[in-house]
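Structure at a glance
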Amino acid sequence: MSLFALTVPETTRKHILLVEVGNRRPAHGAEAGIVRYLMRWPASNRGGMNIYSPPSAFPCQWHHLVAQQKDGGMELFIDGASVGTARSESFPDAVPCALQFGGLEFHSKGDPTKIDRPFAGRLAEIAIYDRLLTPEEVRAHAALRRSK
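Bear in mind that the values here come from a model prediction, so they are computed numbers and not experimental data.

Rules used throughout
- Residues numbered from 1 in each chain as written.
- Predicted model: local features only at pLDDT ≥ 70, side-chain atom pairs only at ≥ 80, totals over all residues.
- Heavy atoms only, no water.
- Helix = DSSP H or I, 4+ residues; strand = E, 2+ residues; numbered from the N terminus.
- Buried < 20%, exposed > 50% of the residue type's maximum accessible area, 1.4 Å probe, protein only.
- Contact = heavy atoms within 4.5 Å.
- Areas by Shrake-Rupley, 256 points an atom, 1.4 Å probe, with all protein chains shown as cover.
- Pairing = 2+ DSSP bridges.
- Axes fitted to C-alpha atoms, helices over the stretch in contact; angles between N-to-C directions.
- Core = buried A, V, L, I, M, F, W, Y, C linked by side-chain atoms within 4.5 Å.
- Salt bridge = Lys/Arg side-chain N within 4 Å of Asp/Glu carboxyl O.
- Phe/Tyr/Trp six-rings, centres within 6.5 Å; stacked < 30°, edge-to-face > 60°.

Right, let's get into the overall build of the protein. Scanning the protein for helices and strands turns up one helix and eight strands. Going residue by residue from the N terminus, the α and β elements of the protein occur as β-β-β-β-β-β-β-β-α. Across the 148 residues that make up the protein, the buried fraction comes to 33%. A sequence separation of at least 24 residues applies to 48% of the contacts in the protein between residues at least 6 apart. About 9100 Å² of surface is accessible on the protein, with carbon and sulfur atoms providing 54% of the total.

What follows deals with the sheet that holds strand S5 (residues 65-70). Across the sheet, three strands lie side by side as S5-S6-S7; this open sheet has antiparallel pairing. Here the strands that pair on one side only, and so sit at the sheet edges, are S5 and strand S7 (81-87). Averaged over all pairs of adjacent strands, the angle between strand axes in this sheet comes to 10°, irrespective of strand direction. Sheet topology note: the strand S6 (residues 73-78)/S7 ladder contains six bridges and is antiparallel. Paired with Leu76 across the strands is Gly84, a residue of S7.

Counting residues in hydrophobic clusters, the biggest one holds 17 residues, and the most contacted among them are Val19, Val35, Tyr37, Met39, Ile51 and Met74. Elements represented by at least two residues in this core include exactly strand S1 (2-8), strand S2 (11-22), strand S3 (34-44) and S6. When sequence neighbours within four positions are dropped, the list of residues in contact with Tyr37 reads Leu17, Leu18, Val19, Met49, Asn50, Ile51, Ala67, Gln68, Gln69, Met74, Glu75 and Leu76.

All chains considered together, the criterion is met by four salt bridges. Between Arg139 and Glu136 there is a salt bridge, with its nearest N and O atoms 3.5 Å apart. A residue pair is termed a helical-turn pair when its members lie 3 or 4 positions apart in one helix, as Arg139 and Glu136 do in helix H1 (residues 135-146) at three residues.

Examined bridge by bridge, S5 and S6 share six bridges and lie antiparallel to one another. Paired with Gln69 across the bridge in S6 is Met74. Connecting S5 to the antiparallel partner S6 that follows it, the hairpin turn spans two residues, and Asp71 within it adopts a positive phi of roughly 50°.

Within the secondary structure, Gly33 sits in the loop between S2 and S3. Along the primary structure Gly33 and Pro55 are separated by 22 residues, whereas in three dimensions their C-alpha atoms are 4.6 Å apart. Gly33 has contacts with Gly22, Ser53, Pro54, Pro55, Ser56, Ala57 and Phe58, leaving out every residue within four places of it along the chain.

Taken as a whole and assessed by the stated rule, the structure comprises one aromatic pair. An angle of 50° between the planes, with centres 6.2 Å apart, marks the rings of Phe4 and Phe101 as tilted. With Phe4 in strand S1 and Phe101 in strand S8 (residues 98-101), this residue pair connects regions lying 97 residues apart in the sequence. Looking at Phe101, the relative accessible area reads 32%, which means it is partly exposed.

The two faces of a sheet get side chains in turn, since along a regular strand they alternate between them. Among the 11 residues of S3, nine are classified as buried, and the element is accordingly described as predominantly covered. Pairing of S3 with strand S4 (residues 49-52), which is carried by four bridges, proceeds in the antiparallel orientation. Looking at the pairing, Arg36 lines up with Tyr52 of S4. A loop of four residues connects S3 with S4, the two strands running antiparallel in sequence, and Gly47 in this loop sits at a positive phi of about 75°.

This is the structure in C-alpha cells:
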C-alpha cells in the first residue's frame, strides 16, 4: 500500500521516490508492518536503493513516519527511532515531479477502483519541509503524538 510517491510528469508509472507499507523484505518470509522507502534516479519502475523497516508499523496503530533525502543520503524514522540509512546516487537539485498520496498511480477519470497500490487507512497529518529534520526534531515530533 503506497503512502506517497514522487512520479515524473510524463508517466506516473516511473517514480523517483516511493514510501509504502507492505509485508516483504528481501530474504524474509511474509511479515506484517514493513515500511519500504525507495529512491531511484533516473525515474524508473525498476531498481533503486531501498530501506526496509523491521516489522514495526502494524495495522490499526498510529505511527509517526519520516522519510528524508538529501544529496544521495536517505533516512527513515518510525515513531522517532531511526530505522536505517542508505546512500544512493545524488539527484539533481530540481526535478519536475508529481507528489501523490495514497497510491502509486492514478488512472484517468479519477476512478477510485483504478488506483494502483491503494492505501487503506488514515493519514492524520502530512508535513513537507525545505530542509532535513535533525534526529532530535524527529524524536520531538513523534513524542507529541504520544503525549496526547
